[in-house]
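Residue-level listing of the chains:
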Amino acid sequence: MTKREPTVLARLQRATALFEDSLLVLLLTAMILVAGTQIVLRNLFDGAILWADPLLRVAVLWVGMIGAMVATRSDKQIAIDAVSRFLPEHWKFRFRVITDLFTAAVSAVVAWSAFRLMMGDREAGGMTVAFVPVWVCESILPVAFAVIALRYLLFAIEHLRQSGAPEELL
């Protein structure tokens, strides 16, 4: 038996996962270091880093959005799905396709809205942490929601395959 080469999509998924995980670890480590330094400076030296608190607020946004991307990568996000409990087994995958497509559509709309917000803030020229433009801090929003939308579209295709749908629908 020969070992199959991973597809381009599989390699892209692995590279994306490595990038997301690395960025998440880097951000969490930086947050812990900055917050710890801030605590020490405040309690022992009556001082503080002026930009630390705004930086930590932005980092929480980034960690939350990257965490959402990571959760959707492995289909481990929180789901409230009471309807599928009562469906026959052969309908569960079909119902899942519908919920995946709905989630992809909502995520795509939010990504577009976040992109418009980011571009509006770019035009407004506001600044935040250490003179970083507001739009740069918000840039994670359209990216994360677009990735989530794409992943749910791929989940819908996979669940359509598992439902036993005719090949021409795929």
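Residues numbered from 1 in each chain as written. Predicted model: local features only at pLDDT ≥ 70, side-chain atom pairs only at ≥ 80, totals over all residues. Heavy atoms only, no water.

### Topic: a nonpolar patch on the surface
Quick reminder of the rule: Note on patches: the residues involved have over 30% relative accessible area and no salt bridge, like charges join within 9 Å, and the nonpolar side chains Val, Leu, Ile, Met, Phe, Trp and Tyr join within 5 Å. Surface exposure here means Shrake-Rupley accessible area, sampled with a 1.4 Å probe, where a residue is shielded only by the protein chains that are shown. When a carboxyl oxygen of Asp or Glu is within 4 Å of a side-chain nitrogen of Lys or Arg, the pair counts as a salt bridge. Helix and strand assignments follow DSSP, with helices taken as H or I runs no shorter than four residues and strands as E runs no shorter than two, numbered in order from the N terminus.
Taken together, the side chains of Leu-9, Leu-12, Leu-101, Leu-150, Leu-153, Leu-154 and Ile-157 make up a nonpolar region of the molecular surface, amounting to roughly 600 Å² of accessible area. The set of elements that each furnish at least two residues to the nonpolar patch consists of α1 (8–45) and α5 (140–162). The biggest single contributor to the nonpolar patch is α5, with four residues. Of note, Leu-9 is situated in helix α1.

### Structural notes on the packing of helix α2 (residues 52–73) against α5
As a reminder, the rule being used: Here, axes are lines fitted to C-alpha atoms. For helices the fit covers the stretch in contact, and angles between N-to-C directions go from 0 to 180 degrees. Orientation categories follow fixed angle ranges, with anything under 35 degrees roughly parallel, anything over 145 roughly antiparallel, 65 to 115 roughly perpendicular, and all other angles oblique. Contact definition: two residues touch when any of their heavy atoms are within 4.5 Å. In the scheme used here, Gly and all other residues not listed as nonpolar or charged are polar, with Ala, Val, Leu, Ile, Met, Phe, Trp, Tyr, Cys and Pro taken as nonpolar and Asp, Glu, Lys and Arg as charged.
Relative to each other, α2 and α5 sit at 10°, their axes nearing to 9 Å. Accordingly, the angle class assigned to the pair α2 and α5 is roughly parallel. Counting all contacts with α2, which are made through Leu-61, Trp-62, Met-65, Ile-66, Ala-68, Met-69, Val-70, Thr-72 and Arg-73, the residues of α5 involved are Ile-140, Leu-141, Ala-144, Phe-145, Val-147, Ile-148, Arg-151, Tyr-152 and Phe-155. Residues of the contact of α2 with α5, tallied by class, amount to 15 nonpolar, one polar and two charged.

### Quick word on α5
Defined as follows: Each helix should span, by expectation, one fewer than its residue count multiplied by 1.5 Å. Think of it in three bands: residues with accessible area under 20% of the maximum for their type are buried, residues over 50% are exposed, and the middle band is partly exposed, with areas taken using a 1.4 Å probe on protein chains only.
The terminal C-alpha atoms of α5 lie 32 Å apart, and with 23 residues this matches the ideal 33 Å at 1.5 Å per residue to within 8%. Turning to α5, its buried residues number three or more, namely Ile-140, Leu-141, Pro-142, Ala-144, Ile-148, Ala-149, Arg-151, Tyr-152, Phe-155, Ala-156 and His-159.

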